[in-house]
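Given next are the chains, with one letter for each unit.
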Amino acid sequence: MTASATSGPLLSVAGVTTAYGSIVALRDVALEVMPGEIVTLIGANGAGKSTLMMTICGSPAPRAGSIVYDGEDIAGAPTHLIMRRGIAQSPEGRRIFPRMTVLENLRMGAEVLAGAHFEEDLEKVTALFPRLKERLTQRGGTLSGGEQQMLAIARALMSRPRLLLLDEPSLGLAPMVVRQIFSAIRDLNRTTGLTVLLVEQNAFHALRLAHRGYVLVNGSITMSGTGAELLARPEVRAAYLEGGRA
Amino acid sequence: MTEAIRKPPANPYVALLKDAGLAALVALGVGAPLLGMQTVPGGRGLALIPRPGLLLATVAAVFVGRFLLGLLFANRRSAARREAEAPPRIGPSPMARIGKLVAPGLLAFSVLMPVIPGIGRYEIDLGTLVLTYVMLGWGLNIVVGLAGLLDLGYVAFYAVGAYGYAIMAKFFDLSFWAALPLTGLFAATWGIILGFPVLRLRGDYLAIVTLAFGEIIRVVLLNWTTLTGGPNGMSGVPRPTFFGLPFSMAGGEGTFAGFFGLEPSALHRVTFLYYLILALALLTNFVTIRLRRHPVGRAWEALREDEIASRALGLSVVAVKLTAFATGAMFGGFAGAFFATRQGFISPESFTFIESALILAIVVLGGMGSQLGVAIAATLMIGGFEVFRGLEEFRMLVFGLAMVAIMVWRPRGLVSGREPSVSLGKRGTIGSEHVAEGKG
């Protein structure tokens, strides 16, 4: 990837509206992610968090608005080309390849680099998630939920992304595993400066991890601020506890 | 291990009796059409004579035999139970281990088959037929087994290949060898033509469209009489030559027999055709195995596993699907050209839906994605059709039962193991076959 102006945001979403048929899922959404930041997007079920994530990836393409990544508007570009520009996604529900081995799953993550520095990157991700090292020859479907989540993140990292999109990494996992995964994300951000956009329902954990956060309610951003600020606001606590009505 | 397995087994004799009863039931099901009825030529066609005595004797023998066998192996069974409580087995599954021995054995047999004493024209012809289906199975395996795209119209590419060669030979006077690569290319083009409209379809919807595609091709062949001869088909499709040397019963200068100074024999061409389809099938297998280790093959498998994840990893789903359709179609086209040159006559009747269903059954019974499984399934099905020819219409009944049995006992096919395409030189610590496929 080319070195770009580090002063501007790495990702800038502005005025984005996305609809599935006649159902509008996102309305005039704007957010920015600066290089080296962890930004979280929190909200209740059906608020549009995953839709925003998928819109950034080009599937579906937005009805209106711009998505500027690294200085270029990627709105409407085909998904596979967007994913080749240094954006990687760990999708909601993990979506690892169940019948392929852990190693093959990781190999698929490295496919956009055509396998360059595969061994080296394999070392790095297995150092980050040592559990995966023990399971390299096992099929993805035989892993536990937490291991599958680690694999999904590791697979995303294999493409050497500059921006990592994490969609609900805590989904269905035990609190201890969630802590493990979140601490791995924090380490990754501190040591490599990886930029992370994290979509979470687990607002408490996410806001504590993130530098900044956005709250998404019914397809619109209602609040933003630093992680600590948002965590302190009563509306956020209400929204998070009462399920989306701030 | 769950508690249920640790529980001491119930009375072993009851279990043995149950087991023997089950075996007897299977024997009854299979034996009823096979042994229970005899056909004798009567005054007006065949007459059926029931043989309940023989059937009952067989069922009783199976019951007693199974029970005794169970008693005999009771000790070994308990050893197996102890093993089951031990940590999961290390290394590849027994099926994969057997496969390592079976595959070279089958290959050696296929290569030597025509020169084995006692093998005549009938056996070689049957071998050729089996290998044709092995090749078709391997071709469809790319689309269905690897890429996970359910294709019910695979016979269309077989037809495109066959008619492609026949038309090229008739109108452009191309020889088999010149036409062969073109038929592959032609069929691959049709694979892409089918691929485009179905890019967004999956599962049942895809199956229906491919089914319709197969029918469209057949109906076009049936009605485009000026080009294809319609229902009369195309006859006089040129026979293959041994790299330019024709096979001729007359012998003489410039023929295969004459060139090598052999006695002209009809067996030469039959044997040549056998080795030709063997080479084509092995080419299909070789390309598939190589592609599986290639990014393209991995992308097919990733697509089968999860389309959305594949896209999120930067794969172009369009390209991946189209290459799968085109590659599968190409081998179907090769097989079609072979079929045309072997038969010398083709008509739309050879390319009905039942052919697609048969090829798909071979792939599914063999274990989707398994090359060895497909070869075994093709041999069993096509060979079985021949062996049981004497059973007339009961043949289908036997095959129906066999298919149900396989799907009950080996729901993922005869050979369901999947070898990883990437490894770090060491084999798996836990055989993944132990654990049911799931999203855990």
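Conventions we followed
Residues numbered from 1 in each chain as written. Chains lettered and ligands numbered in written order. Predicted model: local features only at pLDDT ≥ 70, side-chain atom pairs only at ≥ 80, totals over all residues. Heavy atoms only, no water. Axes fitted to C-alpha atoms, helices over the stretch in contact; angles between N-to-C directions. Helix = DSSP H or I, 4+ residues; strand = E, 2+ residues; numbered from the N terminus. Parallel < 35°, antiparallel > 145°, perpendicular 65-115°, else oblique. Contact = heavy atoms within 4.5 Å. Nonpolar A, V, L, I, M, F, W, Y, C, P; charged D, E, K, R; others polar. Buried < 20%, exposed > 50% of the residue type's maximum accessible area, 1.4 Å probe, protein only. Pairing = 2+ DSSP bridges. Domains from an automatic or database assignment. Buried area = accessible area lost by both parts, 1.4 Å probe. Salt bridge = Lys/Arg side-chain N within 4 Å of Asp/Glu carboxyl O. Polar contact = N/O pair within 3.5 Å; in protein donor to acceptor, adjacent residues only side chain to side chain.

**Re the packing of helix 6 (residues 121-146) of chain B against helix 13 (residues 295-305) of chain B**
Residues and elements named next belong to chain B.
No. 1: Remark: helix 6 packs on helix 13, axes separated minimally by 8 Å, with the N-to-C direction vectors making an angle of 45°. As the angle between them shows, helix 6 and helix 13 are arranged oblique. Here helix 6 contributes I142, G145 and L146 to the contact with helix 13, which in turn contributes W300, E301 and R304.
No. 2: In terms of residue class, the contact of helix 6 with helix 13 is built from three nonpolar, one polar and two charged.

**Some remarks on the pairing of strand 7 (residues 163-167) of chain A**
Residues and elements named next belong to chain A.
No. 1: Strand 7 sits mainly inside the fold: five of its five residues count as buried.
No. 2: Because side chains alternate across strand 7, one face comprises the buried residues L163, L165 and D167, and the other comprises L164 and L166, equally buried.
No. 3: Across four bridges, strand 6 (residues 87-90) lies against strand 7 in parallel orientation. Each residue of the ladder has a partner; that of A88, found in strand 7, is L164.
No. 4: Both strand 7 and strand 8 (residues 195-200) contribute to a ladder of five bridges, which runs parallel. Paired with L166 across the bridge in strand 8 is L198.

**Description of the domain arrangement of chain B**
Residue and element names in this part refer to chain B.
No. 1: Once the domains are mapped, chain B shows domain 1 (10-83) and domain 2 (102-409).
No. 2: With seven residues of domain 1 at the interface, the matching set in domain 2 holds seven residues.
No. 3: Between domain 1 and domain 2 lies a buried interface of about 560 Å² when both sides are counted; carbon and sulfur atoms form 91% of it.
No. 4: A per-residue breakdown of the area domain 1 buries against domain 2 is headed by V26, P33 and L34, which together make up 57% of the total.
No. 5: The tally of links between domain 1 and domain 2 comes to zero salt bridges.
No. 6: Our count for the domain 1 to domain 2 interface comes out at zero residue pairs in polar contact (both at pLDDT 80 or more).
No. 7: For the side of domain 1 that touches domain 2, the element with the highest residue contribution is helix 2 (residues 12-34), accounting for five residues.
No. 8: Across the side of domain 1 that touches domain 2, the residue classes break down as six nonpolar, one polar and no charged.

**Concerning the environment of W138(B)**
All names here are of chain B.
No. 1: Within the element layout of this structure, W138 appears in helix 6.
No. 2: Between the C-alpha atoms of W138 and G373, which are 235 residues apart in sequence, the distance is 9.8 Å.
No. 3: Each residue touching W138, except ones within four places of it in the same chain, is listed here: A281, L282, T284, N285, Q371, V374 and A375.
No. 4: In terms of polar contacts, W138 uses its side chain to reach the backbone carbonyl oxygen of Q371, at 2.8 Å.

**Some points on the domain arrangement of chain A**
All names here are of chain A.
No. 1: For chain A, the assigned domains read domain 1 (9-86 + 162-170 + 190-246) and domain 2 (93-161).
No. 2: On a C-alpha basis, the centres of domain 1 and domain 2 stand 24 Å from each other.
No. 3: Across the boundary between the two partners, domain 1 contributes ten residues, which contact seven residues of domain 2.
No. 4: Contact between domain 1 and domain 2 buries roughly 650 Å² in total, counting both sides, with carbon and sulfur atoms accounting for 68%.
No. 5: By the criterion of area lost to domain 2, the three top residues of domain 1 are R84, L164 and P169, representing 49% of everything that side buries.
No. 6: Across the domain 1-domain 2 interface, the total number found is zero salt bridges.
No. 7: Linking domain 1 to domain 2 there are zero residue pairs in polar contact (both at pLDDT 80 or more).
No. 8: When its residues are assigned to classes, the side of domain 1 that touches domain 2 shows six nonpolar, one polar and three charged.

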